[in-house]
Amino acid sequence: MTGGAFVGGGDADGQPYRYETDSTAAALHDAFDGIDDGSETGTVVSIAGRLMLRRVQGKLAFATLADSTGRVQLFAPQKTTPQFDDFTGRSIGDWIGVRGEVMKTRRGELSVRVDEWTSLARTRRPFPDKWKGITDPDTRYRQRYVDLWVTPDARDTFVLRSRLLSLTRRWLEERDFLEVETPVFHPIPGGALARPFSTHHNALDQELFLRIAPELYLKRLTVAGFERVFEIARVFRNEGLSTRHNPEFTMLEAYQAYADWDDIMVLVEELIAHLAVELTGSTTVTYDGRDVDLATPWRRATLPELVAERTGVQVSLEDGLDRLRDVAAELGVPVDDAHGAGKILLEIYEKTTEPHLWGPIFVTEYPKEVSPLARDHRSTPGMTERFEAIIAGRELCNGFTELTDAVEQRARFDEQATQKAAGDDEAMVVDEDYLRALDYGLPPTGGIGIGIDRLVMLLADVTTIRDVILFPTLRPEQTGAPSGGSVDNDQGEDVD
RNA sequence: GCCCCUGUAGCCAAGCCUGGUCACGGCAGCGGACUUUUAAUCCGAAGAUCGUGGGUUCGAAUCCCACCAGGGGCACCA
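It should be emphasised that the depicted structure is a prediction, and the values quoted were computed from it without experimental measurement.

Looking at this structure, how should I read the sheet that holds strand E17 (residues 383–391)?
Backbone-to-backbone hydrogen bonds join strands into a sheet, with any given pair of strands oriented parallel or antiparallel. Read from one edge of the open sheet, 8 strands run E7-E11-E12-E19-E18-E17-E16-E15, paired in mixed fashion. Each end of this open sheet is capped by a strand with a single partner; those strands are strand E7 (178–179) and strand E15 (299–302). Taken together, the 5 bridges between strand E18 (residues 394–401) and strand E19 (residues 445–451) define a ladder with antiparallel strand orientation. Each bridged residue has a counterpart across the sheet, and for Phe400 the counterpart in E19 is Gly447. Here helix H8 (residues 303–311) sits on the sheet in contact with E15, strand E16 (361–367) and E17, set at roughly 90° to E15.

Help me understand the sheet that holds strand E8 (residues 185–186) in this model?
The strand order across the open sheet built from 3 strands is E8-E10-E9, with neighbouring strands paired in antiparallel fashion. What marks the edges here is a single partner per strand, and that holds for E8 and strand E9 (198–201). Bridge analysis of E9 against strand E10 (residues 206–210) gives 4 bridges, and the strand direction is antiparallel. Directly across from Thr199, in E10, lies its bridge partner Leu208.

In this structure, what is going on with the protein's contact with RNA strand B? I would like to understand it.
In the vicinity of RNA strand B there are 49 residues, among which Arg107, Lys130, His245, Arg454 and Arg466 approach most closely. Sugar and phosphate atoms form 55% of the subset of RNA strand B atoms that lie within 4 Å of the protein. Here Gly133 contributes a backbone N or O atom positioned 2.8 Å from a sugar or linking oxygen of RNA strand B. Of all the secondary-structure elements, those providing two or more residues to the surface near RNA strand B are strand E1 (40–57), strand E2 (60–67), strand E3 (70–77), helix H3 (137–142) and helix H10 (341–353). Ranked by the residues each element gives to the surface near RNA strand B, the list is headed by E1, at 5 residues.

Mind showing me how you'd approach the packing of helix H5 (residues 152–174) against helix H13 (residues 452–460) here?
Each packed pair of helices is defined by two parameters, the angle between the axes and the distance between the axes. In the contact formed by H5 and H13, the axes pass within 10 Å of each other and the chain directions differ by 120°. What the angle tells us is that H5 and H13 run oblique. For the crossing formed where H5 meets H13, the hand is right-handed. Side by side, H5 and H13 meet where Thr157, Leu160, Arg161, Leu164 and Leu165 of the first sit next to Ile452, Asp453, Leu455, Val456, Leu459 and Ala460 of the second.

Which parts of the structure should I look at to understand the pairing of strand E14 (residues 290–293)?
Working note: regular strand, side chains alternate between the two faces of the sheet. Inspection of the sheet shows strand E13 (residues 284–287) paired to E14 by 4 bridges, in the antiparallel sense. Paired with Thr284 across the two strands is Asp293, which belongs to E14. In this antiparallel pair of consecutive strands, E13 and E14, the connection spans 2 residues, and Asp288 shows a positive phi of 55°.

Teacher, can you tell me more about helix H6 (residues 215–223) here?
Quick reminder: α-helices carry 3.6 residues per turn. Residues three or four places apart thus point the same way. Among the residues making up H6, those that are buried are Glu215, Leu216, Leu218, Lys219, Arg220 and Thr222. Trailing H6 by a residue or two, Gly225 shows a phi angle of about 105°, which is positive.

Looking at this structure, how should I read helix H1 (residues 25–32)?
Within the span of H1, buried status applies to Ala25, Leu28 and Phe32. In a view along the axis of H1, the buried residues occupy a sector of 65°, so they form one face of it. With respect to the buried face of H1, the exposed residues turned more than 90 degrees away are Asp30 and Ala31. Buried positions along H1 lie against E1, E2, E3, strand E4 (95–104) and strand E5 (110–113).

What counts, and at which threshold
Residues numbered from 1 in each chain as written. Chains lettered and ligands numbered in written order. Predicted model: local features only at pLDDT ≥ 70, side-chain atom pairs only at ≥ 80, totals over all residues. Heavy atoms only, no water. Pairing = 2+ DSSP bridges. Helix = DSSP H or I, 4+ residues; strand = E, 2+ residues; numbered from the N terminus. Contact = heavy atoms within 4.5 Å. Axes fitted to C-alpha atoms, helices over the stretch in contact; angles between N-to-C directions. Near = heavy atom within 4 Å. Polar contact = N/O pair within 3.5 Å; in protein donor to acceptor, adjacent residues only side chain to side chain. Parallel < 35°, antiparallel > 145°, perpendicular 65-115°, else oblique. Left-handed = near helix turned anticlockwise from the far one by under 90°. Buried < 20%, exposed > 50% of the residue type's maximum accessible area, 1.4 Å probe, protein only. Arc of directions from axis to C-beta.

Structure follows, in structure tokens:
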């Protein structure tokens with residue numbers, strides 16, 4: 001991939017610094033698709049974009065211009081097109097600006113006649129096959145700037161993602177939620193059970209962790225009196241990659257004072273149903289060839305109920321550790337000696353039942369042992385008021401009535417510390433400042449974390465997370481350049 | 001980390017199982033023809049360390065080994 005990739009000569013000379021447009025491909029189609037074949041409009045417009053196709057036939061040329069809204073044909077007769085030979089010699093992929101009358105060809109294709117045109121930028125690399133595009137996933141992800149031109153679905157997915165974020169913000173703001181930004185650098189990784197990335201701050205000579213969740217900072221803000229807050233947070237987890245996992249991903253977290261898990265479940269189902277209608281036109285969406293009906297209300301069922309439904313075995317924390325071990329063995333679920341009753345119950349659910357759920361469904365009541373930030377269930381001992389939503393067979397969110405009691409929270413952290421000492425490197429660390437915040441009083445609060453990437457996957461009907469992340473995490477590309485040197489940290493000239 | 005699959009020009013892609021004349025083609029790019037095309041069409045010339053390194057063989061894109069990169073699955077998580 002060296003010299004051979006370059007074609008043509010660069011002609012940065014004469015490239016303008018700006019170009020005035022007054023229309024777009026989509027706007028032209030909206031306004032003029034109804035005109036008669038072979039007619040002219042008398043309307044002159046300026047548009048700009050990339051040349052994607054070209055059909056030259058001697059003294060008449062057609063081209064397809066693509067901009068961010070779509071495509072429109074250019075009509076260029078030799079008689080009226082300035083520098084006609086130069087125009088027909090443009091490469092596919094070149095950026096041009098065109099000014100001319102809107103008209104429709106005899107064959108009924110809406111077009112802009114090229115009365116004036118300006119080269120805006122040339123491509124020095126050939127564009128992919130105009131029909132097949134790029135099929136190699138590696139190339140698509142590494143060269144997304146090309147992929148987005150030649151893979152229409154890719155562009156649509158990212159437009160949907162943008163609209164989803166915008167709609168989500170608006171929907172929450174209409175309900176008096178305040179969008180906030182909390183630190184990405186955490187001195188103590190917290191708010192979830194996951195391995196963090198770590199980095200080092202030179203001036204402070206301190207290890208910092210990239211956040212695995214914004215949860216503890218958002219709840220600090222509830223202590224601070226922001227009664228409804230949310231953050232659309234990029235979070236980072238130092239774990240494996242898969243079709244459902246990227247090391248950096250986006251999570252929506254929202255916290256509502258005076259609310260409990262029931263309120264939050266309603267919030268989640270209403271938000272997601274709303275997004276489905278706005279983005280797909282219906283509460284029924286098709287995912288991976290199968291329908292899922294997101295109309296509210298969604299089913300709610302407790303975790304032990306669902307296990308019983310699936311396996312026919314009644315399970316409960318009250319059965320005790322030995323009985324649960326036996327059940328796990330019966331069902332062929334491997335468990336660790338270090339696992340407590342709660343962890344075993346969760347393992348049984350995850351191995352036997354969760355894979356068969358399609359949803360949408362709220363799975364409620366998770367064991368305390370595996371839910372260190374959730375509040376004790378108001379009536380079921382050993383369980384918490386925690387729920388997850390399963391939609392289209394995928395875990396989409398995790399929410400609960402928040403644990404507000406500082407003494408109880410310290411006990412939960414201590415339990416986590418014990419697990420960490422026992423070798424669980426995803427266990428939490430005691431966060432003294434968070435405990436101090438709780439000491440000041442956290443009101444009853446309900447909270448939720450929603451995996452935005454997975455929500456986009458659901459509504460865009462794509463099955464790999466890399467198709468909803470513009471630049472997914474990949475190994476560094478082999479450039480062919482000899483390794484060593486060149487990327488050492490510059491010896492930091494101070495310029496401030 | 002384990003298992004399976006893939007890697008042929010800028011892009012798409014045949015050949016690989018059943019080793020054997022200058023590695024089949026298409027798009028883009030280059031030269032030429034063409035005044036209503038729609039992946040325009042037609043003619044011409046050109047473009048390839050067959051992922052990398054070893055091995056087997058008279059002979060390797062093809063068979064074997066290792067490595068690199070990517071995809072899918074398992075495991076962990078959202």
